[in-house]
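# Structural overview
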2 protein chains.
Amino acid sequence: MEHRDPFGIGLVQTEPSSDREENIARAVHLAAEAAKGGAKVICLPELFGSRYFCQREDARSFDLAERIPGPSTEALSKVARERRVTVIVPVFERRAAGLFHNSCAVIGPDGEIVGVYRKMHIPDDPGYYEKYYFTPGDLGYRSFPTPFGRVGTLICWDQWYPEAARLSALDGASVLFYPSAIGWHPSEKAERGEEQRDAWITVQRGHAISNGVYVAAVNRAGLESAPGSEGIEFWGSTFLVDPFGVVVARAQTLGEEIVVGEIDPARIEEVRRSWPFLRDRRIDSYRDIDRRFIDER
Amino acid sequence: MEHRDPFGIGLVQTEPSSDREENIARAVHLAAEAAKGGAKVICLPELFGSRYFCQREDARSFDLAERIPGPSTEALSKVARERRVTVIVPVFERRAAGLFHNSCAVIGPDGEIVGVYRKMHIPDDPGYYEKYYFTPGDLGYRSFPTPFGRVGTLICWDQWYPEAARLSALDGASVLFYPSAIGWHPSEKAERGEEQRDAWITVQRGHAISNGVYVAAVNRAGLESAPGSEGIEFWGSTFLVDPFGVVVARAQTLGEEIVVGEIDPARIEEVRRSWPFLRDRRIDSYRDIDRRFIDER
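The following refers to the structure shown.

Procedures and definitions
- Numbers given for residues are sequential positions, taken from 1 along each chain in its written order.
- Starting at A for chains and at 1 for ligands, labels are handed out in the order in which the entities are written.
- Only residues with pLDDT of at least 70 are given local features in this predicted model, and only at 80 or more are side-chain atom pairs given and counted; all residues enter the totals for whole chains, interfaces and linings.
- To obtain the side-chain values, all non-hydrogen atoms of the structure were used and water was disregarded.
- In this description a helix means any DSSP run of H or I spanning at least four residues, a strand means any run of E spanning at least two, and both kinds are numbered starting from the N terminus.
- Contacts: residue pairs with any heavy atoms within 4.5 Å of one another.
- Like charges within 9 Å and nonpolar side chains (Val, Leu, Ile, Met, Phe, Trp, Tyr) within 5 Å are joined into patches, using only residues over 30% in relative accessible area that form no salt bridge.
- Reported accessibility uses the Shrake-Rupley method at a 1.4 Å probe radius. Residues are deemed covered only where the shown protein chains occlude them.
- The rule for a salt bridge is simple: a side-chain nitrogen of Lys or Arg has to be within 4 Å of a carboxyl oxygen of Asp or Glu.
- Charged residues are defined here as Lys and Arg on the positive side and Asp and Glu on the negative side; His and the ends of the chain fall outside this count.
- Charge positions are represented by NZ for Lys, CZ for Arg, CG for Asp and CD for Glu.
- Relative accessible area decides the class of each residue, using a 1.4 Å probe on protein chains only: under 20% of the type maximum gives buried, over 50% gives exposed, and in between gives partly exposed.
- Interaxial angles span 0 to 180 degrees and are taken between N-to-C directions of axes, which are lines fitted to C-alpha atoms, for helices over the stretch in contact.
- A crossing counts as left-handed when the near helix is turned anticlockwise from the far one by less than a right angle, and as right-handed when that turn is clockwise.
- Here the term charged refers only to Asp, Glu, Lys and Arg, the term nonpolar to Ala, Val, Leu, Ile, Met, Phe, Trp, Tyr, Cys and Pro, and the term polar to all other amino acids, Gly among them.
- By definition in this entry, angles of less than 35 degrees are roughly parallel, angles greater than 145 are roughly antiparallel, angles of 65 to 115 are roughly perpendicular, and the rest are oblique.
- At least two bridges found by DSSP between two strands is the condition for calling them paired.
- Overlaid copies result from least-squares superposition on C-alpha atoms, with residues included only where pLDDT is at least 70 in both.

A separate point is the side chain of His207(B). Of note, His207(B) is situated in helix H5 (residues 186-211). Setting aside chain neighbours within four positions, we find His207(B) in contact with Gln159(B), Trp160(B), Tyr161(B), Pro162(B), Ala165(B), Tyr178(B), Val213(B) and Val215(B).

So, in structure tokens, the structure goes:
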């Protein structure tokens, strides 16, 4: 039997301020703390370097974008190298004038950029005007090597799409990381909040189960109010589930917190032997999945 | 706004005996009861006409197969016509000598066969030797018309495959029905039972959420012991969840029971407007889903 050792991962839930230097410095500190706690792969929340500027459409917010490599990856690269860990670093990526992505860079233990993922599914809803800012990704669904095996990276809205999870898992990932920025509209929270958060957790547990992979969701926390709006209360709730969807670690607070959990390749082996879903996929029968809708019947 | 009225569905959880006539008569009775209770679309469990013969490989069990149309569909067709309801009738289908399927027929309110679905994903595990009995389906993923809108039918092992749910939903289904036969190995139940049943519920709730459809799982119940084995304790737990994965009805017993729930097209409209996942699918990017695994990297 192929044997790999269990390893720790660190899910860093943060509460970003409007001060980019502070956010990056805080992320560096927390990544180092996670490494001290045993984490070998560490993930930060979506767009952790700034406030969630997508609450409104404002061309000045494009000034927040940076290159890969750039200030965020350079700062985290240093801690990756010092602590010999892999860090998943979400970046508002400037690719060219008028061409921006919601991305994450995977930085290896030598401080090098192992790869980049660009968010494929872009939402657009009141308070989440992402289609204005982000061109949909064009790098596909990927997993990236670490000294402990391959890990997949997807970002927030991707988490509602089983195709994205499937394709990252088929690319050999043992864990899917979902840096996220999802929260409540305060006026909806009392009536709808619990079912919204539950749906978010459930759909991702479903991806873990149907693919036999660990799933780690790393959300931001805190209330971010934009002038003239009620703002968004990011719901934290960072969690890790195992390949059968069992919750193995979760945030205990609604604020900044490091969640450390363990990835055990032997558990993946055990679950996939007992529940061999990959064996029985009907790959001859899925071609209509690239259709928008089946209109004629 | 396109307007359709809510309608009731009936999920008939049964405990089949080894007497086929009795199983069919009981199903007819329970379908009529569900109709009296307001159900307009009624679903029976997988292979409800017999014991779960797949616990071992025995060529004599092919004698249990029948044609479509055949005794099962004819008996349920009568109640469909009398009560003006749609009935989903699982059948061990004989197609030709040496060619059998695990199927279900959808019978409309005039008693006619509206369509047939043949289980696409076939399991094979100790105690569930289905690959011996059933040729994988060749009719694809389908939805079928009823007077209350289209419904999709999938069968048991299909429920672990997001591709199957997606394709049935894209074919216009407002509800996905999963006739099932899943249970515990009694020796595993204490240690693993709860997490197994929870994974089964969770993955199906995930399909409801990612597709914005109702999902109805209709399982058999009861312990079926085969000579020389500990048997299988079918776990019942028949349930209906709404398009955001919220449980709206579920079985209260581990035995024969009719679960009646409501399908509200306005709820589908509301959920899909708030969470417009179908809008943002990246249909240009899913083509590798028809690969078995991505080996080269």
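On the surface, Asp288(A), Asp290(A), Asp288(B) and Asp290(B) cluster together to form a negatively charged patch. By the secondary structure assignment, Asp290(A) is in the segment after helix H6 (265-274).

Let us now look at the pattern of salt bridges. The full count for this structure, using the stated rule, is 54 salt bridges over all chains. Across the pair Arg118(A) and Asp138(A) runs a salt bridge whose closest N-O atoms are separated by 3.1 Å. Highlighted residues: Arg118(A) in strand S5 (residues 113-118) and Asp138(A) in the loop between helix H3 (130-133) and strand S6 (143-146), separated in sequence by 20 residues. By relative accessible area, which is 9% here, Arg118(A) ends up buried. Put simply, Lys131(A) and Asp280(B) hold a salt bridge, and the shortest N to O gap is 2.7 Å. Of this pair, Lys131(A) sits in helix H3 while Asp280(B) sits in the segment after helix H6 (265-274), each in a different chain. Here the salt bridges share partners, and the residues they tie into one network are Arg192(A), Glu195(A), Asp242(B), Arg267(B) and Glu270(B).

This brings us to the packing of helix H5 (residues 186-211) of chain A against H5(B). Packing of H5(A) against H5(B) brings their axes to within 8 Å, and their N-to-C directions diverge by 115 degrees. Considering how the two elements wind past one another, H5(A) and H5(B) form a crossing that is left-handed. Residues Asp198(A), Ala199(A), Thr202(A), Val203(A), Arg205(A), Gly206(A), Ile209(A) and Ser210(A) of H5(A) lie in contact with H5(B), whose contacting residues are Asp198(B), Ala199(B), Thr202(B), Val203(B), Arg205(B), Gly206(B), Ile209(B) and Ser210(B). When its residues are assigned to classes, the contact of H5(A) with H5(B) shows 6 nonpolar, 6 polar and 4 charged.

All names here are of chain A. With respect to the element layout, Gly38 can be found in the loop between helix H1 (20-36) and strand S2 (39-43). A relative accessible area of 33% places Gly38 in the partly exposed class. Sequence separation between Gly38 and Ile113 is 75 residues; the distance between their C-alpha atoms is 22 Å.

Close contact between helix H4 (residues 162-170) of chain A and helix H4 (residues 162-170) of chain B brings their axes to 10 Å; oriented N to C, the two are set at 150 degrees. Our classification of the angle between H4(A) and H4(B) gives roughly antiparallel. In this structure, H4(A) meets H4(B) at a crossing whose hand is left-handed. Across from Pro162(A), Glu163(A) and Arg166(A) in H4(A), the residues of H4(B) making contact are Pro162(B), Glu163(B) and Arg166(B). The residue inventory of the contact of H4(A) with H4(B), partitioned by class, reads 2 nonpolar, no polar and 4 charged.

All names here are of chain A. With respect to burial, strand S3 (residues 86-96) is a largely interior element, 8 of its 11 residues being buried. Bridge count for S2 against S3 is 3 bridges, and the pairing is parallel. Of the residues in S3, the one forming a bridge with Ile42 is Val87.

Once turned by 180 degrees and shifted 0.0 Å along the axis, chain A lies on chain B with an RMSD of 0.0 Å. Accordingly, the operation relating the two chain copies is best matched by a two-fold axis. Across chain A, the rotation axis passes nearest the C-alpha of Gly206(A), at a separation of 2.7 Å. A shared interface surface links the copies, since 100% of the contact residues of chain A are contact residues in chain B too.

Structurally, Pro123(A) is set in the loop between S5 and H3. Since its relative accessible area comes to 5%, Pro123(A) is described here as buried. Between the C-alpha atom of Pro123(A) and that of Val28(A), which follows or precedes it by 95 residues, the distance is 29 Å. Sequence-distant contacts of Pro123(A), that is, excluding residues within four places in its chain, are made with Tyr128(A), Glu130(A), Lys131(A), Trp157(A), Arg279(B) and Asp280(B).

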